[in-house]
Amino acid sequence: MKDFKNICFDIIDLSVNVTPDIYINRNTITFTKKVLEDLGYPANVQYCISAETKVFAIRACKSNEAKSTPFSKPKAEQTSTLSSGNRNFIEAVRAIMPDTCDPKLRYKVTGCFDSDSRTIYFDMEEAVEDLFRAAKAE
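Numbers given for residues are sequential positions, taken from 1 along each chain in its written order. At least 70 in pLDDT is required for a residue's local features to be given in this predicted model, at least 80 for side-chain atom pairs to be given and counted, and no such filter applies to totals for whole chains, interfaces and linings, which use all residues. To get the side-chain values, take all heavy atoms of the structure and skip hydrogens and water.

Visitor: Give a detailed account of the overall build of the chain, specifying residues and quantitative values.
Guide: Secondary structure is summarised from DSSP: a helix means a run of H or I of at least four residues, a strand means a run of E of at least two, and numbering begins at the N terminus for each. Along its length, the chain carries two helices and ten strands. Seen in sequence order, the chain has helices and strands lined up from the N terminus as β-β-α-β-β-β-β-α-β-β-β-β. Along the first, second and third principal axes, the C-alpha atoms of the chain reach 55 × 50 × 30 Å. A buried classification covers 36% of the 138 residues belonging to the chain. Contacts between residues were defined by any pair of non-hydrogen atoms, one from each residue, lying within 4.5 Å. Taking as baseline every contact in the chain between residues at least 6 positions apart, the subset at least 24 positions apart corresponds to 59%. Calculation of accessible area relied on Shrake-Rupley with a 1.4 Å probe; when residues are assessed, cover is drawn exclusively from the protein chains displayed. Approximately 9300 Å² of the chain is accessible, and the part contributed by carbon and sulfur atoms is 52%. Positive charges come from Lys and Arg, negative ones from Asp and Glu, while His and the chain ends are left out of the count. Charged groups are reduced to one reference atom each: NZ for lysine, CZ for arginine, CG for aspartic acid, CD for glutamic acid. Computed over 19 positive and 20 negative side-chain charges, the separation of the two mean positions in the chain equals 6 Å. In this scheme, a residue with accessible area under 20% of its type's maximum is buried, one over 50% is exposed, and one in between is partly exposed, where area comes from a 1.4 Å probe on protein chains only.

Structure below.
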């Protein structure tokens, strides 16, 4: 039998997703707390798009860098997910989603975090319909 008194446990944070996900809705894009945590709750980010490879990326940056956009509050103040309703941003991301994606539905894309560049990459071809907030059939 194991000596449980000598095991070092990590406490599970139930408020943070396991993977860095984004949700693309009709009028907003929502970033899970795992995205914020992986990026280090940055005050500013750069949104990046590759139309050729259909990849969206978000990179933590300083406020004086090109096309820097305000993003997160400090960790202690950012108590929930973060959403953006910027029309230009939403349309740019939707433009690289697969043609089979219905703009009226909600989609989830799981990102891949690169700690060296403090960037999370989202392959938009991996978007899956998310039924979390779908209307229930009667």
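There is more to say after this.
Visitor: Can you break down the sheet that holds strand β5 (residues 69-70) residue by residue, with the values?
Guide: Strands sit in the order β5-β3-β4-β9-β8 across an open sheet of five strands; the sheet is antiparallel. Looking at which strands have only one partner, the edges of the open sheet turn out to be β5 and β8 (112-114). Pairing between strands is defined by DSSP: at least two bridges between them are needed.

Visitor: An account of the sheet that holds strand β6 (residues 82-84) is needed here, citing residue identities and associated values.
Guide: Either a parallel or an antiparallel arrangement is found when strands of a sheet pair, and the pairing is made through backbone hydrogen bonds. Pairing is antiparallel across the open sheet formed by five strands, whose spatial order is β6-β2-β1-β7-β10. Unpaired on one side and paired on the other, β6 and β10 (128-129) mark the two borders of the sheet. Relative to β10, strand β7 (residues 107-110) runs antiparallel, the two sharing two bridges. Each bridged residue has a counterpart across the sheet, and for Lys-108 the counterpart in β10 is Val-128.

Visitor: So what's going on with the side chain of Thr-119? Which residues, and what values?
Guide: Along the chain, Thr-119 turns up in strand β9 (residues 119-123). Thr-119 gets classed as buried once you look at its relative accessible area, which sits at 3%. Discounting residues that sit within four places of it in the chain, Thr-119 has contacts with Leu-39, Ala-57, Ile-58, Arg-59, Cys-112, Phe-113 and Asp-114.

Visitor: Give a description of the layout of surface pockets that names residues and reports values.
Guide: Points on a 1 Å grid, built from protein atoms alone, make a cavity when a 1.4 Å probe fits but cannot get out and make a pocket when they are open with protein on both sides within 12 Å along at least 5 of 7 lines; residues with an atom within 4 Å of a point are the lining residues. Grid points are joined across faces, edges and corners, and a volume is the space filled by probe spheres set on the points. Estimated volume of the largest pocket: approximately 260 Å³. As for the largest pocket, its lining consists of 14 residues, and the residues nearest its centre are Tyr-47, Thr-69, Ser-84, Asn-86 and Phe-89. At the level of elements, β3 (44-50), β5, β6 and α2 (87-95) are the ones that each hand at least two residues to the lining of the largest pocket. Top element by residues in the lining of the largest pocket is α2. It accounts for four residues. All amino acids are sorted into three groups, where Ala, Val, Leu, Ile, Met, Phe, Trp, Tyr, Cys and Pro are nonpolar, Asp, Glu, Lys and Arg are charged, and the leftover types, Gly among them, are polar. Tallied by class, residues from the lining of the largest pocket come to eight nonpolar, five polar and one charged.

Visitor: Explain the packing of aromatic side chains to me, and be specific about the residues and the numbers.
Guide: How two aromatic rings sit relative to each other is set out by the distance from centre to centre and by the angle between their planes. What counts as a ring pair is set by centres within 6.5 Å for rings of Phe, Tyr and Trp (its six-membered ring), and what kind of pair is set by the plane angle: stacked under 30 degrees, edge-to-face over 60, tilted for all other angles. Going through the model one piece at a time under the given rule, you end up with seven aromatic pairs. With a centroid separation of 6.2 Å and 5° between ring planes, the pair formed by Phe-31 and Tyr-47 is classed as stacked. Within this pair, whereas Phe-31 is found in strand β2 (residues 29-31), its partner Tyr-47 is found in strand β3, the two being separated by 16 residues in sequence. On the accessibility criterion, Phe-31 (0% relative accessible area) is buried. These aromatic residues form a ring-pair network of at least three members: Phe-31, Tyr-47, Phe-56, Phe-71, Phe-89 and Phe-122.

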